[in-house]
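Overview (structure and organization)
The primary structure of each chain is shown beneath.
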Amino acid sequence: MFEQLAQPLQYAEDLLAHFAVLARSRDSAQLRERLVMAAGELSHCPLSQLYLLDVTHTQLTLAAEWLDGQRYARETDSLPSDYHDQQLLQYCLCQNQPLHVQHLDASLYATTFLPGETTDWRSLLCLPLLDDQQHVAGLLLLASRQSRQLQGYVDSLQMLGNVTLHQLQLLHQLQPEHPTRQASQPEPPPALARSYGLIGQSAAMQAVYQLISKILHNPVTVLITGETGTGKELVARAIHDYGSRRSQPFIAQNCAALPEQLLESELFGYRKGAFTGADKDHRGLIDSADGGTLFLDEIGDMPLPLQAKLLRVLQEGEIRPLGSNDTHRIDVRILAATHQDLHEMVRQGQFREDLYYRLIHFPIDLPPLRERGNDIQLLARRFVEDACCFLQREPCYWAEDTLERLGSYSFPGNVRELKGMIARALLLCDDNLLLPEHFNLPQDSQPTSGMNLRDHLERIERNLLLDSLQRNQGNQTNAANELGLPRRTLLYRMQRLNISPADLKSRERNHVQSGQ
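All values derive from a computational prediction rather than experimental measurement.

Definitions and limits used
- Residues numbered from 1 in each chain as written.
- Predicted model: local features only at pLDDT ≥ 70, side-chain atom pairs only at ≥ 80, totals over all residues.
- Heavy atoms only, no water.
- Helix = DSSP H or I, 4+ residues; strand = E, 2+ residues; numbered from the N terminus.
- Buried < 20%, exposed > 50% of the residue type's maximum accessible area, 1.4 Å probe, protein only.
- Contact = heavy atoms within 4.5 Å.
- Core = buried A, V, L, I, M, F, W, Y, C linked by side-chain atoms within 4.5 Å.
- Pairing = 2+ DSSP bridges.
- Axes fitted to C-alpha atoms, helices over the stretch in contact; angles between N-to-C directions.
- Parallel < 35°, antiparallel > 145°, perpendicular 65-115°, else oblique.
- Nonpolar A, V, L, I, M, F, W, Y, C, P; charged D, E, K, R; others polar.
- Phe/Tyr/Trp six-rings, centres within 6.5 Å; stacked < 30°, edge-to-face > 60°.
- Lys NZ or Arg CZ within 6 Å of the ring centre and 35° of its normal.
- Lys, Arg positive; Asp, Glu negative; His and termini not counted.
- Salt bridge = Lys/Arg side-chain N within 4 Å of Asp/Glu carboxyl O.
- Polar contact = N/O pair within 3.5 Å; in protein donor to acceptor, adjacent residues only side chain to side chain.
- Expected span 1.5 Å × (residues − 1).

Across its full length, the protein chain carries 18 helices and 15 strands. When the 516 residues of the protein chain are sorted by exposure, 47% land in the buried category. Considering only contacts within the protein chain whose residues lie at least 6 apart along the sequence, 67% involve residues at least 24 apart.

Along the chain, S28 turns up in helix 2 (residues 28-43). Classification of S28 by relative accessible area gives buried; the value is 16%.

Counting residues in each nonpolar core, the largest one holds 30 residues, and the members touching the most others are L267, I286, L294, L296, I299, M302 and F351. Non-local contacts of F351, meaning those with residues more than four positions away in its chain, are made with I299, G300, L304, Q307, L342, M345, V346, Y356 and L359.

This part is about the environment of Q261. Position of Q261 relative to the elements: it lies in helix 7 (residues 260-268). A relative accessible area of 58% places Q261 in the exposed class.

This next bit is on the pairing of strand 5 (residues 123-130). In terms of residue burial, strand 5 counts as a mostly covered element, since eight of its eight residues are buried. Burial along strand 5 is two-sided: the residues S123, L125, L127 and L129 and L124, C126, P128 and L130 are all buried. Here three bridges tie strand 4 (residues 99-101) to strand 5, and the two strands are oriented antiparallel to one another. Across the sheet, residue L99 finds its bridge partner in strand 5, namely C126. As paired strands, strand 5 and strand 6 (residues 136-144) are joined by eight bridges and run antiparallel to one another. The partner of C126 across the bridge, within strand 6, is L141.

Remark: helix 1 (residues 8-23) packs on helix 2, axes separated minimally by 10 Å, with the N-to-C direction vectors making an angle of 170 degrees. One way to sum up the angle between helix 1 and helix 2 is to call them roughly antiparallel. Residues Y11, D14, L15, H18, V21 and L22 of helix 1 touch helix 2, and the partners they reach there are L31, R34, L35, A38, E41 and L42. Looking at the contact of helix 1 with helix 2 residue by residue, the classes come out as eight nonpolar, one polar and three charged.

Overall, the coordinates contain seven aromatic pairs when judged by the stated rule. Aromatic pair Y196 and Y242: ring centres 5.7 Å apart, planes at 70 degrees, arrangement edge-to-face. Remark: Y242 occurs in the loop between helix 6 (232-241) and strand 8 (250-254) and Y196 occurs in the loop between helix 4 (154-174) and helix 5 (203-215); sequence separation between them is 46 residues. Take Y196: its relative accessible area is 3%, and that puts it in the buried class. Residue Y242 is classed as buried on the basis of its relative accessible area of 8%. Centre to centre, the rings of Y356 and Y357 are 5.1 Å apart; their planes meet at 70 degrees, and the pair counts as edge-to-face. Above the plane of the ring of F268 lies K309, whose end atom (NZ or CZ) is 4.3 Å from the centre. We note K419 situated over the ring of F383; from NZ or CZ to the ring centre the distance is 5.5 Å.

Right, let's get into the side chain of R246. Within the secondary structure layout, R246 lies in the loop between helix 6 and strand 8. For the buried R246, no salt bridge exists, and the shortest N-O distance to an oppositely charged side chain is 8.5 Å, to D241. One polar contact links the side chain of R246 to the main-chain carbonyl oxygen of G243, over a distance of 3.0 Å. R246 has contacts with L93, C94, V136, H217, H240 and D241, leaving out every residue within four places of it along the chain.

A few words now on helix 2. End to end, helix 2 covers 23 Å across 16 residues, agreeing with the expected 22 Å (1.5 Å per residue, within 8%). Of the positions making up helix 2, those classed as buried are S28, Q30, L31, R34, L35, V36, M37, A38, A39, G40, L42 and S43. The distance from a side-chain oxygen at the start of helix 2 to the backbone nitrogen of A29 is 3.3 Å, and the residue carrying that oxygen is D27. Following helix 2 by one or two positions, H44 adopts a phi angle in the positive range, close to 60 degrees.

Right under this line is the structure:
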């Protein structure tokens, strides 16, 4: 543990002293502060940070910071649920591996999580911390303004951090329950669920996010249902990417894409000589997904004989490749999806009843796009933004009534149809202004909004303010100058129109453009 330290005996004594100090901590706040102080003093690094994941393991928050010998309670926003643009932190969380960068280059690494100018920091050490279930639950981060070898601190500081994390969990469990609310005291509004990298703020999608949160770290089999084009594979990927198996493979197979014999060999693999042309052993997709997740799309199209073999995988955790007499155990999570009514298929004898009840343990039904309200506009903005970036063209803007026309269309093809419609519109749009005629919408698709003139004017003003704030990265002074307004007038109008900096940051975290 101490082979790279100049004075290992003194270091060991200092480490034990800090363990004793941590053990005497009275509350969670003191425990967090003492951990970052101990890590900074032991490593002689001017910066030490503690990041903690929330209970769903999707939101990363700075819990304590020690900078240049001082404890800080810096007001910082939680990082996005996908830790977007934070590749260094993302690596430690997803791979469960310490990360050491001796020569930190701000042009190569995004280090916006570090305080001050990024050019001040030359070395970085990031350590994943584990909870009682051996899941990554936080990060301990050290940074130095000189290029240094920090690997020698990995084992000792990771042990210090893990012990502190366990103490934090114990303190949380010992906290008394909140007193019963008075009958006259209103309940606080429920917090929005994490979106897990998905786009949508409608009540229907919030319900989907809540379901996803329940099974991220539970290996239960999930059946994802919904109309064609609603994003079933995206939900499956979210369950994998934000769950405990995120560092393991995610493999997807469409059961309708291959005939029965080929699908069986692809899923279960085969041994050399199993059939004509099998000149070598072939590892199947189930084996390839061992430790990770296998997503079976269009499970309703799987032939009945294969359904029996899949049932054994789910029940016994065993597979037998074609041409083999031996079975072997595998650890794979099965996520299945279909747009068909499996219950009706069971009634008609087209789907095995025992497999159906094995898959239906935890169903997630995705809403059609026509039931998602303003999510249509959110998705449209995101798709246009991504497409413009991919095509390397100037950003496109929306004519006043284009989004309203889109919002009133029923989208029988759901999100897939919207995405294709956006791609076509960008090809037809020559002047970067998206008009209703670019979208080939039916003539009867007209806005049905019942807003009066005041509501229309407030919507236009709100869009203009959001657009300017978005272009200026939320800087209110620059936005006021751009709009020709005194800053206090801008603040007044933001308050009247219910615009806050938190709204902008939330939109940025979801990669959704707020303006037109």
